[in-house]
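Results of the structural survey
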Amino acid sequence: MEIKIYHQIMDWNQDVSDQVKETLKEHHTVLINIMGSPGAGKTSLIKNIIEQLRDTFSIGVIEGDITTDIDAKTIAEMNVPSVELNTDGACHIEAMSIQNILKDFKLDSIDVLLVENIGNLVCPAEFDIGENMRITILSVPEGDDKVVKYPLMFTDTDCLVINKIDVLPYFDFDLERVQNDYHGINPNAPFFSVSTKDKKGLNEFIDHLKERIEQMLHEAS
């Protein structure tokens with residue numbers, strides 16, 4: 001019985017997710033779901049994306065968090081439309097929440113909506129929120145065993161970003177192992193090593209993201 005209820009919830013979420021995708025397509029807006037653990041650098045990555053792509057695309061941000069509006073205020077200071085989505089304890093964002101929040105954005109004037117999902121390597125991977133692209137971010141201090149421990153997060157993603165490579169000398173982190181584990185379960189997805197602190201490796205990632213966004217906008221037109 002519990003398994004049946006679980007699948008009913010997922011089916012309902014998928015129905016709403018399809019509606020979100022249709023709404024975004026009507027407005028020629030793409031949604032990018034950014035996932036990772038607390039402290040991995042999701043907000044920092046979003047800030048770098050905004051800084052480097054705001055002259056090319058109009059960007060909005062949905063900041064998901066269990067509570068507080070700290071991250072939304074950080075993004076708002078960059079003069080980017082942002083909305084804080086508090087889940088009040090839930091470990092993930094669902095499509096219904098995205099559907100309800102889209103009305104707070106002028107979608108006709110936004111090319112890209114970035115969603116910072118809840119800090120978690122488990123639940124967010126299970127819920128399609130209507131996104132066109134998923135980015136998973138993993139930081140060096142978290143350890144190099146996370147792809148093996150949380151395979152769904154890394155299987156159902158379009159791009160993996162390893163952050164905080166500036167601290168590699170201080171941690172027992174095997175970058176090659178992570179890349180091999182990742183490509184073992186997601187062989188065709190790109191892999192980037194960056195530091196959002198000193199900007200190392202970011203240009204390659206941003207160039208890839210720009211190309212993907214242009215492709216997705218073209219497909220939505």
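Note that residues are indexed from 1 along each chain, following the sequence as it is written. Local features are withheld for residues below a pLDDT of 70 in this predicted model, meaning they are given only at 70 or higher, and side-chain atom pairs are given and counted only at 80 or more; totals for whole chains, interfaces and linings count all residues. The side-chain numbers reported here are obtained from all heavy atoms of the structure, hydrogens and water having been left aside.

A look at the state of the cysteines
- By disulfide we mean two sulfur atoms from cysteines, separated by a distance within 2.5 Å. Applying the stated criterion across every chain yields a total of 1 disulfide.
- The partner cysteine of Cys91 in its disulfide is Cys123, sulfur to sulfur 2.5 Å. Linking Cys91 and Cys123, the disulfide has an S-S dihedral of approximately -85 degrees and is accordingly described as left-handed. Placement of the pair is Cys91 in the loop between β3 (82-86) and α4 (95-101) and Cys123 in the loop between β4 (112-116) and β5 (133-139), with a sequence separation of 32 residues.
- Categorising residues by exposure relies on relative accessible area from a 1.4 Å probe, with only protein chains included: less than 20% of the type maximum marks a residue as buried, more than 50% marks it as exposed, and the intermediate range marks it as partly exposed. Of the residues examined, Cys91 reaches a relative accessible area of 26% and is grouped as partly exposed. To qualify as a helix, a DSSP run of H or I must reach at least 4 residues; to qualify as a strand, a run of E must reach at least 2; elements of each kind are numbered from the N terminus.

Some thoughts on the packing of helix α2 (residues 42-53) against helix α8 (residues 202-220)
- Axes here refer to lines fitted to C-alpha atoms; in helices the fit is confined to the stretch in contact. Angles between the N-to-C directions go from 0 to 180 degrees. Between α2 and α8, the shortest axis-to-axis distance is 11 Å and the interhelical angle comes to 70 degrees. The angle between α2 and α8 places the two elements in the roughly perpendicular class. Handedness of the crossing formed by α2 with α8: right-handed. Residue-level contacts link Leu45, Asn48, Ile49, Gln52 and Leu53 of α2 to Leu202, Asn203, Phe205, Ile206, Leu209, Lys210 and Ile213 of α8.
- Gly counts as polar in this scheme, as do all residues outside two lists: the nonpolar Ala, Val, Leu, Ile, Met, Phe, Trp, Tyr, Cys and Pro, and the charged Asp, Glu, Lys and Arg. Per-class residue counts for the contact of α2 with α8 are 8 nonpolar, 3 polar and 1 charged. An angle below 35 degrees is read as roughly parallel, one above 145 as roughly antiparallel, one from 65 to 115 as roughly perpendicular, and any other as oblique. Crossing chirality is assigned from the near helix's rotation relative to the far helix, an anticlockwise turn below a right angle marking it left-handed and a clockwise turn marking it right-handed. Only heavy atoms matter for contacts: two residues are in contact if any of them lie within 4.5 Å across the pair.

Comments concerning the side chain of Thr136
- Structurally, Thr136 can be placed in strand β5.
- Setting aside residues up to four positions removed in sequence, Thr136 forms contacts with Met35, Met153, Phe154, Thr157, Cys159, Leu160 and Val161.

Overview of the packing of aromatic side chains
- In this scheme Phe, Tyr and Trp rings, the latter by its six-membered ring, pair at centre separations within 6.5 Å, and the angle between planes marks the pair as stacked below 30 degrees, edge-to-face above 60, and tilted otherwise. Applying the stated criterion to the full structure yields 2 aromatic pairs.
- Ring centres 6.2 Å apart and planes at 40 degrees place the aromatic pair Tyr182 and Phe191 in the tilted group. Considered together, Tyr182 and Phe191 belong to a single accessibility category, that of buried residues.
- Look at Phe192 and Phe205: their rings are 5.7 Å apart centre to centre, the planes differ by 70 degrees, and that puts the pair in the edge-to-face class. Taken as a pair, Phe192 in strand β7 (residues 191-193) and Phe205 in helix α8 lie far apart in primary sequence, 13 residues in all.
- For Phe192, a relative accessible area of 6% translates into the label buried.

A look at the pairing of β5
- Of all 7 residues in β5, 7 are buried, a share of seventy percent or more.
- Along β5, one buried face is formed by Met133, Ile135, Ile137 and Ser139 and the opposite face, lined by Arg134, Thr136 and Leu138, is buried too.
- Whether two strands pair comes down to DSSP finding at least two bridges between them. The sheet contact formed by strand β1 (residues 30-36) and β5 spans 5 bridges and is parallel. The residue of β5 that forms the bridge with Gly36 is Ile137.

Observations regarding the nonpolar core
- Only buried Ala, Val, Leu, Ile, Met, Phe, Trp, Tyr and Cys residues count toward a nonpolar core, and they belong to the same one when joined by side-chain atoms within 4.5 Å. By size, the foremost hydrophobic cluster in this structure holds 31 residues, and its most contacted members are Ile32, Leu114, Ile135, Phe205 and Ile213.
- Elements with a minimum of two residues in this core: β1, α2, β2 (59-65), β4, β5, β6 (159-163) and α8.
- Top contributing element to this core by residue count: α8, with 7 residues.
- In contact with Leu114, not counting residues within four places along its chain, are Ile32, Ile34, Ile46, Ile49, Ile50, Ile59, Gly60, Val61 and Ile62.
- Membership of the second largest hydrophobic core comes to 19 residues, among which are Ala95, Phe105, Ile118 and Ile129.

Some words on the environment of Glu51
- Its location among the elements puts Glu51 in helix α2.
- Residues Glu51 and Ile213 lie 162 residues apart in sequence; the distance between their C-alpha atoms is 15 Å.
- Setting aside residues no more than four positions away along its own chain, Glu51 makes contact with Met78 and Lys199.

A word on the sheet that holds β2
- Strand order in the open sheet formed by 7 strands is β3-β2-β4-β1-β5-β6-β7, and the pairing between neighbours is parallel. Strand pairing shows two members of the sheet lacking a second neighbour, β3 and β7, which therefore form its edges. Ignoring strand direction, the axes of neighbouring strands in this sheet form an average angle of 20 degrees.
- Sitting on the sheet, helix α7 (residues 175-185) is in contact with β5, β6 and β7, with an inclination near 160 degrees to β7.

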